[in-house]
Structure formats: structure tokens, C-alpha cells
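# Fold and geometry: a report
Here is what each chain is made of, one letter per residue.
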Amino acid sequence: MQARFLAALPAAAAAVLAALCSGAAFAQVDVSNAWARGTVPAQTATGVFMTLHAHETAKLVGVSTPAAATAEVHEMKMDGNVMRMRAVGALDLPRMQDVELKPGGYHVMLMGLKAPLKKGDTVPLTLRIEQGGKVIEEKVDAEVRDLGAGAPAAGAHGDHKH
Ligand SMILES: [Cu+2]
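Residues numbered from 1 in each chain as written. Predicted model: local features only at pLDDT ≥ 70, side-chain atom pairs only at ≥ 80, totals over all residues. Heavy atoms only, no water.

This part covers the overall build of the chain. Of the regular secondary structure elements, the chain holds two helices and 10 strands. When its helices and strands are written in sequence order, the chain yields α-β-β-β-β-β-β-β-β-β-β-α. Counting contacts in the chain only where the partners sit at least 6 residues apart, residues at least 24 apart contribute 70% of the total. Carbon and sulfur atoms form 58% of the exposed surface of the chain, whose accessible area is close to 9,400 Å². (Helix = DSSP H or I, 4+ residues; strand = E, 2+ residues; numbered from the N terminus. Contact = heavy atoms within 4.5 Å. Areas by Shrake-Rupley, 256 points an atom, 1.4 Å probe, with all protein chains shown as cover.)

This next bit is on the coordination of the copper ion. The copper ion binds to the protein through His74 (ND1), Met85 (SD), His107 (NE2) and Met109 (SD), with metal-donor distances spanning 2.2 to 2.3 Å. Sequence positions of the donors to the copper ion reduce to the motif H-x10-M-x21-H-x1-M. Here His74 is found in strand S4 (residues 68-79), whereas its partner Met109 is found in strand S8 (residues 107-113), with 35 residues between them in sequence. Of the two residues examined, His74 and Met109, each falls in the buried class. (Donors = N, O, S within 2.8 Å, 3.2 Å for Na, K, Ca; no water. Buried < 20%, exposed > 50% of the residue type's maximum accessible area, 1.4 Å probe, protein only.)

Our focus in this paragraph is the pattern of salt bridges. Between side chains of opposite charge, a pair can form as their charged atoms come close. If you walk through the whole model with that rule in mind, you get six salt bridges. For Glu75, the salt bridge goes to Lys77, with nearest N and O atoms at 3.6 Å. Judged by relative accessible area, Glu75 falls into the buried class, the value being 9%. Members of the salt-bridge network, linked through shared partners, are Glu75, Lys77 and Arg86. (Salt bridge = Lys/Arg side-chain N within 4 Å of Asp/Glu carboxyl O.)

Its location among the elements puts Thr39 in the loop between strand S1 (29-37) and strand S2 (45-54). One polar contact links the side chain of Thr39 to the main-chain amide nitrogen of Leu117, over a distance of 2.8 Å. Beyond its immediate stretch of four places on either side in the chain, Thr39 contacts Ala45, Thr46, Leu113, Pro116, Leu117 and Leu147. (Polar contact = N/O pair within 3.5 Å; in protein donor to acceptor, adjacent residues only side chain to side chain.)

Our focus in this paragraph is the packing of aromatic side chains. For the coordinates displayed, the defined rule picks out one aromatic pair. Taking the centre distance of 4.7 Å and the plane angle of 40° together, the rings of Trp35 and Phe49 count as tilted. With Trp35 in strand S1 and Phe49 in strand S2, the pair connects residues that are 14 residues apart, well separated along the chain. Looking at Phe49, the relative accessible area reads 0%, which means it is buried. (Phe/Tyr/Trp six-rings, centres within 6.5 Å; stacked < 30°, edge-to-face > 60°.)

Keep in mind these values describe shape, not function.
This is the structure in C-alpha cells:
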């Protein structure tokens, strides 16, 4: 009886591992802490931020939302004394690393907002992620925070012309 019990353990452990691995493959990319910066009535553009964690090497290749006409992945960088933004065609998501979209760095830029974003609102986003030669769509809800949240990038965004 005892020998059989011991022999059964590794098999059970292997089954658990297999289940965890296939679960990770389904999860594709974990998204956490997704939020959007709130806007004032005349403002038509804002930034969305989040942390992405890919279990296997992936790329963020597109974003869309019903809340705005256009959503683009942008990179913000200091160029001498000037903060500049540019659209990024694809954002690399290295395997098992956190990639942060945050004020002053990468962000999703929403342009042509259909309505002002108020604190407490939710912005539904669809992320297009390329992984293993396939493009999958992943839904994310970003919570709207105060206009002043993550202040460092606020001025640079205001000056930015698309
Ligand atoms: Cu931008």
C-alpha cells in the first residue's frame, strides 16, 4: 500500500504541473494595474497605462477601444531637454518580464475621445497581441483616475500635437 502511495505522488504532481502550464498558455499575457488618466471637457486625448507580463515572448501590436476614434502605443522619451512622443508599431514583451506602460514612458494614447473620462469610469480596451505567429485579442478594463494622476507626463501630453 505504502509503495503504491509513494509512486502515485510524482504522477499527481506532474498532472498539476501540466495543468498549470496549459493554463499559462491560455492566459497569454497578464495585464495588471490598467488605468486611464481622466480628462477635462475640451480635451480629446489622454494616456492609458498598465503592466504587461508575457509567459511566452510576445508583442503588443495594436489597441482599440470604443471610447476613442484612435488608440496607439506611444513611447515618450527625453531628447535633450525636450520630451518627445512617437508611435510604436510593436512593443516587445519579453518572456516572463514585466513591461510597464507608465507616465513618462510607454503608454496607450487615446485620440478623438467620444466623451470626457471621469474618475471612476471604465475604459474597455482590446489589446492585439502577437505570440507564436498568431495574433490574439485580449480584453482589458482600464479604471479612470484623476486628471493629475502620475503627474510627470501631464505637461508633455498637453504640449503634444498629433
Ligand atoms: Cu502619446
